Amino acid sequence: IVYVCIGAFTVIACCTCLNHRKDYKDDPETFRQELNVFMTGIVNIIIVHMVLVLNSAIVTMPKKGDEPYRSLAIVMRVLSIIVFANTVLGLRVQFEEAEYY
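All of these numbers come straight from a predicted model, not from anything done at the bench.

Turning our eyes to something else, we now look at the overall build of the chain. In terms of regular secondary structure, the chain is built from three helices and zero strands. Mapped in sequence order, the helices and strands of the chain form the string α-α-α. Against the 2.2 N^0.38 benchmark of 13 Å for 101 residues, the chain shows a C-alpha radius of gyration of 17 Å, more extended than a compact globule. Here the C-alpha coordinates of the chain stretch approximately 60 × 20 × 20 Å along the principal axes.

Listed below in structure tokens is the structure:
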């Protein structure tokens, strides 16, 4: 469910970037910042979909004998929590900027 939340929140953040496209004409700095947020969001969406496909193919955690794959599965889960926190913080910043405009 974490991966689905990451994907949904990232899509919302990308849509809020596109919502203020009229404000970018006067300020190139804001345009670069919003383009960075948008491109990062697109990359996160692609990564989350790839991880969802991988998790649907490999349902169980690899056993201790399959050491490199087990470590990769654990690190992938830890990184998903970090990406989730980053996505939530980024979405909060996007909403605060939307209230500003």
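This brings us to the environment of leucine 35. Summarising the element assignment, leucine 35 is placed in helix 2 (residues 28–57). Here the alpha-carbon distance between leucine 35 and leucine 18, two residues 17 residues apart in the chain, equals 9.2 Å.

Turning to the nonpolar core, a few remarks are in order. Tyr3, Ile6, Val48, Val51 and Met76 form the largest nonpolar core, which has five residues in total. Counting only elements with at least two residues in this core, the list comes to helix 1 (2–19) and helix 2. Sequence-distant contacts of valine 48, that is, excluding residues within four places in its chain, are made with Tyr3, Ile6 and Gly7.

Parameters at a glance
- Residues numbered from 1 in each chain as written.
- Predicted model: local features only at pLDDT ≥ 70, side-chain atom pairs only at ≥ 80, totals over all residues.
- Heavy atoms only, no water.
- Helix = DSSP H or I, 4+ residues; strand = E, 2+ residues; numbered from the N terminus.
- Rg over C-alpha atoms; globule rule 2.2 N^0.38 Å.
- Core = buried A, V, L, I, M, F, W, Y, C linked by side-chain atoms within 4.5 Å.
- Buried < 20%, exposed > 50% of the residue type's maximum accessible area, 1.4 Å probe, protein only.
- Contact = heavy atoms within 4.5 Å.

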